[in-house]
Amino acid sequence: MCGVSGEIRFAGGSADVDAVARISAVMEPRGPDGHGLWHEGPVALAHRRLAIIDLSPTGAQPMVDSALRLVTVFNGCIYNYNQLREELQGHGYRFFSSSDTEVIAKAYHRWGVHCVDHFFGMFAFAILEQDTGRMILARDRLGIKPLYLSQTSNRLRFASSLPALLAGGDVDTSIDPIALNHYMTFHAVVPAPMTILSGIRKLPPATVRTIEPDGRSTDI
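Caption draft 1: Quick peek at the sheet that holds strand E8 (residues 148-151). With antiparallel pairing, 6 strands are arranged side by side in an open sheet as E2-E3-E1-E9-E8-E10. Either end of the sheet is taken by a strand with one partner, and the two such strands are strand E2 (34-40) and strand E10 (201-202). The pairing of E2 with strand E3 (residues 43-49) spans 7 bridges and is antiparallel. Across the sheet, residue Gly34 finds its bridge partner in E3, namely Arg49.

In structure tokens:
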């Protein structure tokens, strides 16, 4: 179990790195083996690491692939990453780590948003295209790994837990009455994309969301 978080700002200017650091700090119990924070212009990404695959520093995140100009944060496990690694090597990709995180990045470069069709596992990840400023958020088919979102008119933040997003500030903490109705009547479950708070949503399971630098987004 790891913790991912980040911010992308739409209205120009730089990401609030301090806010992302506060968000990430709340998730330290999810990843006691390491912490990484990367930022560039309107984007900041952070990761709390529970080291399971590739225990070396080359598996640390946020993972920057300088050749492909991609930055990745990932929580989960891709069970068939070794097979995918061999397949991608056959397409000419060269690897600098033995982690499944790098497999995700190179699979995205090869297959785009449909890379998830190749993954067997549980995952929530974010990939930034440094050249375009486009960000990809994805969640596994069953929604095993969580991904919470807090969006305003000029920025989007995400994190692996709801309390972490609250630490970043600027969140509408009023109770969502529709979510409360679900909670009280349907076995105490609030279905995605809602949460009990009006200002925090969940990326639905089996969703890949492409977020453009101006804030427009599309889902598959």
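Caption draft 2: Quick look at the nonpolar core. Of all hydrophobic cores here, the largest spans 26 residues; its most connected members are Ile78, Val116, Phe119, Phe123 and Phe125. Among the elements that take part in this core, helix H3 (residues 100-111) stands out by supplying 5 residues, more than any other. Setting aside chain neighbours within four positions, we find Phe125 in contact with Val73, Phe74, Ile104, Cys115, Val116, Phe119, Ile136, Leu137 and Ala138. Among the nonpolar cores identified, the runner-up in size contains 19 residues, and Leu45, Ala126, Phe158 and Ile211 belong to it.

Caption draft 3: Examining the sheet that holds strand E11 (residues 207-211) more closely. Spatially, E4-E5-E6-E7-E11-E12 is the arrangement adopted by the 6 strands of the open sheet, whose pairing is antiparallel. The open sheet has two free edges, formed respectively by strand E4 (63-65) and strand E12 (217-219), since each of these has just one partner strand. Averaged over all neighbouring strand pairs, the angle between strand axes comes to 20 degrees, with direction disregarded. Here E11 pairs with E12 via 3 bridges, running antiparallel. In the strand pairing of E12, Ile211 is matched with Ser217. Docked against the sheet, H3 engages E4, strand E5 (70-78), strand E6 (121-129) and strand E7 (135-139), running at close to 120 degrees with respect to E5.

Caption draft 4: Local environment of the side chain of Asp100. Relative to the helices and strands, Asp100 is located in helix H3. Of the side chains bearing the opposite charge, Arg49 lies closest to the buried Asp100, which forms no salt bridge; the N-O distance is 8.2 Å. Within the structure, the side chain of Asp100 is placed 3.1 Å from the backbone nitrogen of Ile78, a separation counted as a polar contact.

Caption draft 5: Spotlight on H3. The end-to-end C-alpha separation of H3 is 16 Å, in line with the 16 Å expected for 12 residues at 1.5 Å each. Most of H3 sits out of view: 9 of its 12 residues are buried. Immediately beyond the C-terminal end of H3, within one or two residues, lies Gly112, with a positive phi of roughly 65 degrees.

Caption draft 6: Looking closely at the environment of Ala192. In this structure, Ala192 sits in the loop between helix H5 (177-185) and E10. For Ala192, a relative accessible area of 33% corresponds to the partly exposed category. With 13 residues separating them along the chain, Ala192 and Pro205 place their C-alpha atoms 7.9 Å apart. Look past the residues within four positions of Ala192 in its chain and what remains in contact with it is Lys202, Pro204 and Pro205.

Caption draft 7: The packing of aromatic side chains, seen in detail. The full count for this structure, using the stated rule, is 3 aromatic pairs. Summarising the aromatic geometry, the rings of Phe119 and Phe123 are spaced 5.8 Å apart at their centres and angled 85 degrees between planes, so their arrangement reads as edge-to-face. The exposure class assigned to Phe119 is buried, which follows from its relative accessible area of 0%. Using a relative accessible area of 1% as the deciding quantity, one classes Phe123 as buried. Where Phe123 meets Phe125, the ring centres are 5.6 Å apart and the plane angle is 35 degrees; that geometry is what we call tilted.

What counts and what doesn't
Residues numbered from 1 in each chain as written. Predicted model: local features only at pLDDT ≥ 70, side-chain atom pairs only at ≥ 80, totals over all residues. Heavy atoms only, no water. Pairing = 2+ DSSP bridges. Helix = DSSP H or I, 4+ residues; strand = E, 2+ residues; numbered from the N terminus. Core = buried A, V, L, I, M, F, W, Y, C linked by side-chain atoms within 4.5 Å. Buried < 20%, exposed > 50% of the residue type's maximum accessible area, 1.4 Å probe, protein only. Contact = heavy atoms within 4.5 Å. Axes fitted to C-alpha atoms, helices over the stretch in contact; angles between N-to-C directions. Lys, Arg positive; Asp, Glu negative; His and termini not counted. Salt bridge = Lys/Arg side-chain N within 4 Å of Asp/Glu carboxyl O. Polar contact = N/O pair within 3.5 Å; in protein donor to acceptor, adjacent residues only side chain to side chain. Expected span 1.5 Å × (residues − 1). Phe/Tyr/Trp six-rings, centres within 6.5 Å; stacked < 30°, edge-to-face > 60°.

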